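Structural description and commentary
Chain by chain, the residues:
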Amino acid sequence: MELIKILLRGASQVMFQNNIWCGLLFIVGIFWGSYETGNGLVAWGALLGLIVSTSTGFILDLPDNEGEEGLWGFNGILVGCAFPTFMGDSVLMWLSLILCAMMSTWVYRAFNNILAPYKVSSFTFSFVFTTWIFLLASRAMDGLSPHTLPSIGISPLTPLIKYDILSLIEYWLKGISQVFLVNSWVTGAIFLLGLFISNKWAGIWAAVASAVSLFIAILFSASGGSITEGLYGFSAVLTGLALGMTFYKVNIRTAIWALLGIIATVFIQAAMNVLLSPVGIPTLTGPFCLATWLFLLPLIRFDDKGHYCSLLREKLKKSRDDE
C-alpha cells in the first residue's frame, strides 16, 4: 500500500501536489482521455513510466524523503505519456520508453544539483530533455517511427475557432488535460477536480491559468489548431501553479506576479513552437520550465507587509551598514 501511495503521489507531483487522491484522479483522467481519443496505449505508457522511474529511485538508493513525496515519478509518467503519443507501437518504442523513464530519475537529480546554487528546481525539464533526445533520434532510426511528430518546417492547416460558450469551455479544459498530453475536455475536468480535492488554490490557479492563456492566444490570433486542442494552456497551467501557490504565498502581489508569468508563458510557447519547427519536435513542457525559471531566478520575495522586493531592501540595508 505504501508503494501505491508513492506512485499516486508521483502522478500528483506533475502539478505540484502531494496527494494520493489527486494522483488517483490524474491516472483515471489519463485512462479516460487516452481511450476516448483512440490511443489507450498512452495510459499504459503513463503507468509504465511512473512505475519504472519510481523503481529507479529505489534501485539507485536516492533519498527516501524524495521517494515518499513522489519526486521520482512525475517526470517518468510524462515520458510514458509522450512516447505512445509521438511514436508508433513497437517493441523498440516500449524498450526506449523504459530507458528514458529510468534516465528521467537521475537526470532530474543531476539538473537539480546544477541549479541548486540558484535556488530553483529543474521541474519537468528532465522529462523534456530526455524525451527530446529520443524524439530527435527517431528521425534517424527506423526502429523508432516518428508516428505523429510535427512535420519538419511545415505549418499544418489551421482549423476555424468556434467562439460559442461550450466550445470555449472545451478549449479551456483541454488546456488542463494537455499537461499529460491528453486531448480531452472530460479529462481536464477530472484533473481540475483532483486539484480542488488536493488544494483549492491549486484548482483555482489551474483554472485561471488555462483561461488567461486561452484569452491571450485568441487575442493575438495564434494557430487555431493549437488553441482548439489546448496546446497554449498546459505550460501556462504549470506556471500558474508554480508561481501562484507553490513557491509564493497566496496574496494579491503574488497573484499579479503569477499572471505576468502565465502571459509570458504563452509567448514563450509560441516562440519555442517556431524555434523547434525546423527539427519537427514538440515543445513539451519546455515553455513552463523557461518561464518559471525567469520569474524565480530574480529571487524576488513578496512578504505580508506589501513590500515586493525584500532582497533589494536587504542589499540596501547592508550597503548602509557598510558605509
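Keep in mind it's a predicted model, so treat the numbers as computed, not measured.

How each quantity is defined
Residues numbered from 1 in each chain as written. Predicted model: local features only at pLDDT ≥ 70, side-chain atom pairs only at ≥ 80, totals over all residues. Heavy atoms only, no water. Phe/Tyr/Trp six-rings, centres within 6.5 Å; stacked < 30°, edge-to-face > 60°. Helix = DSSP H or I, 4+ residues; strand = E, 2+ residues; numbered from the N terminus. Buried < 20%, exposed > 50% of the residue type's maximum accessible area, 1.4 Å probe, protein only. Patch = residues over 30% accessible without salt bridge, like charges linked within 9 Å, V, L, I, M, F, W, Y side chains within 5 Å. Areas by Shrake-Rupley, 256 points an atom, 1.4 Å probe, with all protein chains shown as cover. Salt bridge = Lys/Arg side-chain N within 4 Å of Asp/Glu carboxyl O. Core = buried A, V, L, I, M, F, W, Y, C linked by side-chain atoms within 4.5 Å. Contact = heavy atoms within 4.5 Å.

Some thoughts on the packing of aromatic side chains
The full count for this structure, using the stated rule, is 20 aromatic pairs. Aromatic side chains phenylalanine 31 and tryptophan 44 sit 5.0 Å apart centroid to centroid with 90° between the ring planes, which places their arrangement in the edge-to-face category. With a gap of 13 residues between them, phenylalanine 31 in helix α2 (residues 20-36) and tryptophan 44 in helix α3 (residues 41-59) connect regions that are remote in the sequence. On the accessibility criterion, tryptophan 44 (44% relative accessible area) is partly exposed. Both rings, one in tryptophan 257 and one in phenylalanine 295, keep their centres 4.9 Å apart while their planes meet at 65°; by these two values the pair is edge-to-face. Here tryptophan 257 is found in helix α13 (residues 252-276), whereas its partner phenylalanine 295 is found in helix α14 (residues 286-296), with 38 residues between them in sequence. In this pair, the class of tryptophan 257 matches that of phenylalanine 295, namely buried. Taken together, the ring pairs in this structure connect Phe111, Phe125, Phe129, Trp132 and Trp293 into an aromatic cluster.

Examining a nonpolar patch on the surface
Together, Trp21, Leu24, Val28, Leu193 and Ile197 make up an exposed nonpolar region whose accessible area comes to about 480 Å². Among the elements of the structure, α2 and α9 (185-198) are those that each provide at least two residues to the nonpolar patch. Ranked by residues supplied to the nonpolar patch, first place goes to α2 with three residues. The exposed category is assigned to tryptophan 21, whose relative accessible area is 54%.

Thoughts on the nonpolar core
One finds Met15, Ile77, Phe180 and Leu241 to be the most contacted residues of the largest nonpolar core, which totals 85 residues. Per-element tally for this core: the top contributor is helix α6 (residues 91-115), with nine residues. Apart from the residues within four sequence positions on either side, phenylalanine 180 is in contact with Ala11, Val14, Met15, Phe26, Ile30, Ile77, Leu78, Cys81 and Phe191. Formed by eight residues, the second largest nonpolar core is a distinct cluster that contains Ile161, Tyr171, Leu214 and Ile216.

Here we look at unusual backbone geometry
For phenylalanine 16, which is not glycine, the phi torsion reads 65° and is therefore positive. When you line up the elements, phenylalanine 16 lands in the loop between α1 (2-12) and α2. In this model, phenylalanine 123 sits at a positive phi of 55°, which is unusual for a non-glycine residue. Within the secondary structure layout, phenylalanine 123 lies in the loop between α6 and α7 (125-138).

That's the geometry; what it means functionally is another story.
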